[in-house]
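Here are the chains, one letter per residue:
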Amino acid sequence: MNNKTEPSSPRINFSLLSKYRGQTVRCIGRVLNTTKTDATLETCDRGQVTVHLEPDTTLMPFSNVEVVGRVTTELGIKVYVTYDINDDFDFDFYNSLVKLSQNYPNLFS
């Protein structure tokens, strides 16, 4: 886990990436693969996004994580901080929460 200070940020899934281009977001998913500089994350709506890692960030393949970072112009996420998520995390329920948060942003900020 990286401990940089983070701003308030909306929770998103793959389908919302383009709406938040250039903004700081939170995205939960399963790590599919990693390199020294990037990882592929399967989001809660089953999309795949490239996350660009900080040099001191290590993600384990097949682990569940929350990434906080800025959506790039190429619709990747430049990671500021990551949090480990439990292996039995309910992605479908979380995806419903993400959709709901778009309708009621004041409840989720």
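For the structure, see preceding data.
Our subject in this report is the structure included herewith. On a predicted model such as this, the values are computed, not experimentally measured, just so you know.

### Notes on helix 1 (residues 91–103)
Piece 1. The end-to-end C-alpha distance of helix 1, which contains 13 residues, comes to 19 Å, matching closely the 18 Å that a straight helix rising 1.5 Å per residue would cover.
Piece 2. Regarding helix 1, the residues found buried are Phe 91, Tyr 94, Asn 95, Val 98 and Ser 101. Buried residues of helix 1, seen end-on, are gathered within an arc of 120° and therefore sit on one face of the element. What points out from helix 1, more than 90 degrees from its buried face, is the exposed set Phe 93, Lys 99 and Asn 103.

### A closer look at the pairing of strand 4 (residues 48–52)
Piece 1. Only one face of strand 4 is buried: it carries Val 49 and Val 51, and the other face, with Gln 48, Thr 50 and His 52, is open.
Piece 2. Taken together, the five bridges between strand 3 (residues 38–43) and strand 4 define a ladder with antiparallel strand orientation. Looking at the pairing, Leu 41 lines up with Val 49 of strand 4.
Piece 3. What sits between strand 3 and strand 4 in their antiparallel hairpin is a turn of four residues, with Arg 46 showing a positive phi close to 75°.
Piece 4. Pairing of strand 4 with strand 6 (residues 77–85), which is carried by two bridges, proceeds in the parallel orientation. Bridge pairing links His 52 to Lys 78 in strand 6.

### A look at the packing of aromatic side chains
Piece 1. Considering all chains together, one arrives at two aromatic pairs under this definition.
Piece 2. Both rings, one in Phe 89 and one in Phe 91, keep their centres 5.3 Å apart while their planes meet at 75°; by these two values the pair is edge-to-face.
Piece 3. Classification of Phe 89 as partly exposed rests on a relative accessible area of 25%.
Piece 4. Relative accessible area serves as the criterion here: at 13%, Phe 91 is assigned to the buried category.
Piece 5. Linked through ring pairs, Phe 89, Phe 91 and Tyr 94 together constitute an aromatic cluster.

Here is what the cut-offs are and how they apply
- Residues numbered from 1 in each chain as written.
- Predicted model: local features only at pLDDT ≥ 70, side-chain atom pairs only at ≥ 80, totals over all residues.
- Heavy atoms only, no water.
- Helix = DSSP H or I, 4+ residues; strand = E, 2+ residues; numbered from the N terminus.
- Expected span 1.5 Å × (residues − 1).
- Buried < 20%, exposed > 50% of the residue type's maximum accessible area, 1.4 Å probe, protein only.
- Arc of directions from axis to C-beta.
- Pairing = 2+ DSSP bridges.
- Phe/Tyr/Trp six-rings, centres within 6.5 Å; stacked < 30°, edge-to-face > 60°.

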